[in-house]
Every structure is written in C-alpha cells, then in structure tokens.
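# Notes for the structure review
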Amino acid sequence: MGKRMIVRRRNIPCSICERVMHVVFYRDRSYRGGHYFGKIPMYRKSELDKMRHRGLHKSNITPTWTVDVYNYDPKPYAHFEYWECPECYWHPRVRINEIRASRVKVAVKKKRC
Ligand SMILES: [Zn+2]
C-alpha cells in the first residue's frame, strides 16, 4: 500500500485555453492534472515554404482511405510540449483536428515572444 511518491510538480499552461494546470508527476512515471500529447515540432517558415513548394502525393492508408502527403518532411528547429487541461480534453469546443493544430501554432508563437 502507501501513497504513490510524488517526484515533481509543474505548473503548465494548457495549449488551447492557456489555463494553468497543476500537474503532479509520480515516481512510477505516471502523472495527473493534465493530458500530455507529446512534443510538437516547430518549423521555420523557410522549411514550411519548401514543403509547400514540393507539393503533395496521394497515399493509401487503407483501400478506402486516401490522404494527401507532402513530398518533403520539414526539419523542426525545436519542440514544444503540447498539453491539454481536463476541460479542453473532455469537452473540446472544436472537434476538427485542423483547428486544434492551428491553436497549437498560436500557442507556439506566444511562447516564442
Ligand atoms: Zn484548456
């Protein structure tokens, strides 16, 4: 039995609404207080322009599902930790991933200045 050992506490802003989450990390590498999605790569404009100029090709994920894939993989210059607070995670105001992704870009811009 016994309580799980807390190894670290961090105040992390939600990547969508910017509300600060109090995230607690445990010794067993679990955490609570927020939802971590991993590191989001950040790209320079020149890399994104290169990607746009090289164009797209179609790729089949399944026989009935085709997606557009960029011919060039831009190289990130840094990574940004993407976190969502429980409110944004469980009750998203937007359902489309693209909108979520654009909010990440906004969050990244704010962090840089
Ligand atoms: Zn939030």
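Structure's up top.
Not measured: the values here are computed from a predicted model.

Pairing within the open sheet is antiparallel, and its three strands lie in the order β1-β2-β3. The sheet terminates laterally at β1 (6-13) and β3 (31-32), the two strands that pair on one side only.

With zero of eight residues buried, β1 lies mostly on the surface of the structure. Examined bridge by bridge, β1 and strand β2 (residues 20-26) share seven bridges and lie antiparallel to one another. Looking at the pairing, arginine 10 lines up with valine 23 of β2. Where β1 folds back on β2, the antiparallel hairpin that results is connected by six residues, among which glutamate 18 adopts a positive phi of roughly 70 degrees.

With that settled, consider the environment of leucine 48. Residue position: leucine 48 is located in helix α1 (residues 45-54). Under the C-beta neighbour-count criterion, leucine 48 is labelled partly exposed, with 13 such atoms within 10 Å. For the pair leucine 48 and tyrosine 72, spaced 24 residues apart in sequence, the C-alpha to C-alpha distance is 9.2 Å. Setting aside residues up to four positions removed in sequence, leucine 48 forms contacts with Tyr43 and Pro74.

So, on to unusual backbone geometry. One non-glycine residue, glutamate 18, lies in positive phi territory at about 70 degrees. With respect to the element layout, glutamate 18 can be found in the loop between β1 and β2. Given 13 C-beta atoms within 10 Å, glutamate 18 falls into the partly exposed group. The residue arginine 29 is not glycine, and still its phi comes out positive at about 75 degrees. Tracing the backbone through its elements, the reader meets arginine 29 in the loop between β2 and β3.

Moving on: the pairing of strand β6 (residues 65-70). The buried count for β6 comes to zero of six residues, which makes it a mostly uncovered element. Bridging between strand β5 (residues 56-62) and β6 involves six bridges; their strand directions are antiparallel. Within β6, the residue paired with threonine 62 across the bridge is tryptophan 65. Taken together, β5 and the strand that follows it, β6, pair antiparallel across an intervening segment of two residues.

Our next topic: the environment of threonine 66. Its location among the elements puts threonine 66 in strand β6. Of the residues examined, threonine 66 has 11 C-beta atoms within 10 Å and is grouped as exposed. Ignoring sequence-local partners within four residues, the contact set of threonine 66 consists of Lys58, Ser59 and Asn60.

Cut-offs and rules
- Residues numbered from 1 in each chain as written.
- Predicted model: local features only at pLDDT ≥ 70, side-chain atom pairs only at ≥ 80, totals over all residues.
- Pairing = 2+ DSSP bridges.
- Helix = DSSP H or I, 4+ residues; strand = E, 2+ residues; numbered from the N terminus.
- Buried ≥ 20, exposed ≤ 12 C-beta atoms within 10 Å, placed from the backbone.
- Contact = placed C-beta atoms within 7 Å.

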